[in-house]
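# Architecture at a glance
Listed here are the chains, written in short residue letters.
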Amino acid sequence: PGGGQIRHMAHHDALTGLPNRAFFVKHLEEALARVRRGEASCAVLCLDLDRFKAVNDTLGHPVGDMLLKEVSARLKEAVDAGDVVARFGGDEFAILKNTQVEHDTLASLGHTLVRSVSRPFMLDGHEVTVGTSVGIAVGFQDGASSEQLLKKADLALYHSKSEGRG
């Protein structure tokens, strides 16, 4: 593979084509630098799928892989052009929101993501239904570093799972 292809492979998930954690963190650092300069605001949304393991266990990994690709497409459709959707591995995804990070807009996006992922998928002749849980952290309000923001978003995600998902 050429240099560009190797660079792409180093920063993207092979299955979904989405950016990976390394790419996401790099862009989050850049977004936080813009926030520090007062040029922008940003937020991180962490998501993971509810009932994904059951899909893999009952329908097999090929259907699970199809599901991850379809979920990726729905997540990309739900966000603005300047936002970054990444796959961190397994059934974990993250979104870097670079625009419209007001509380109401973030809450609305969270609900949109939950509704979008909860719509049934037709995969290999099977109707598959999963859900997603979302945790949100806002730049500088919830943390000034990428590590702090990801940790806060992750904690919010686990809180939403413990509260009954969504």
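As a reminder, the structure under discussion sits directly above these lines.
Report on the accompanying structure. Since we're looking at a predicted model, the values are computed, not measured. (Residues numbered from 1 in each chain as written. Predicted model: local features only at pLDDT ≥ 70, side-chain atom pairs only at ≥ 80, totals over all residues. Heavy atoms only, no water.)

## Side note on the packing of aromatic side chains
Applying the stated criterion to the full structure yields one aromatic pair. Relative to phenylalanine 88, the ring of phenylalanine 24 lies with its centre 5.3 Å away and its plane at 80°, an arrangement referred to as edge-to-face. Of this pair, phenylalanine 24 sits in helix H2 (residues 21-36) while phenylalanine 88 sits in strand S2 (residues 84-89), placing them 64 residues apart in sequence. On the basis of relative accessible area, phenylalanine 24 is assigned to the buried category, the value being 0%. (Phe/Tyr/Trp six-rings, centres within 6.5 Å; stacked < 30°, edge-to-face > 60°. Helix = DSSP H or I, 4+ residues; strand = E, 2+ residues; numbered from the N terminus. Buried < 20%, exposed > 50% of the residue type's maximum accessible area, 1.4 Å probe, protein only.)

## What about the nonpolar core?
Ranked by internal contacts, the top residues of the largest apolar core, which has 28 residues, are Leu45, Leu47, Leu67, Val71, Leu75, Phe93 and Val128. Of all the secondary-structure elements, those providing two or more residues to this core are strand S1 (43-50), helix H3 (52-59), helix H4 (61-78), strand S3 (92-97), helix H5 (103-118), strand S4 (121-123) and strand S6 (131-138). Discounting chain neighbours no more than four positions away, the residues touching leucine 75 are Leu47, Val85, Phe93, Leu113 and Val117. Residues Phe23, Ala31, Ala137 and Leu149 belong to the second largest nonpolar core, which totals 19 residues. (Core = buried A, V, L, I, M, F, W, Y, C linked by side-chain atoms within 4.5 Å. Contact = heavy atoms within 4.5 Å.)

## As for the sheet that holds S3
The antiparallel open sheet is built from four strands, whose spatial order is S2-S3-S1-S6. Each edge of the open sheet carries a strand with a single partner, namely S2 and S6. Adjacent strand axes in the sheet meet at a mean angle of 20°, parallel and antiparallel pairs treated alike. In this structure, S1 lies alongside S3, joined through six bridges in antiparallel fashion. By the bridge assignment, alanine 43 is partnered in S3 with lysine 97. (Pairing = 2+ DSSP bridges. Axes fitted to C-alpha atoms, helices over the stretch in contact; angles between N-to-C directions.)

## Description of unusual backbone geometry
Positive phi outside glycine occurs at aspartate 124, with the angle close to 50°. Examined against the element boundaries, aspartate 124 turns out to sit in the loop between S4 and strand S5 (126-128). A positive phi angle, near 75°, is found at phenylalanine 140, a position not held by glycine. Assignment of secondary structure puts phenylalanine 140 in the loop between S6 and helix H6 (146-162). On the basis of relative accessibility, which here comes to 38%, the residue phenylalanine 140 falls in the partly exposed class.

What is shown is where atoms sit, not what they do.
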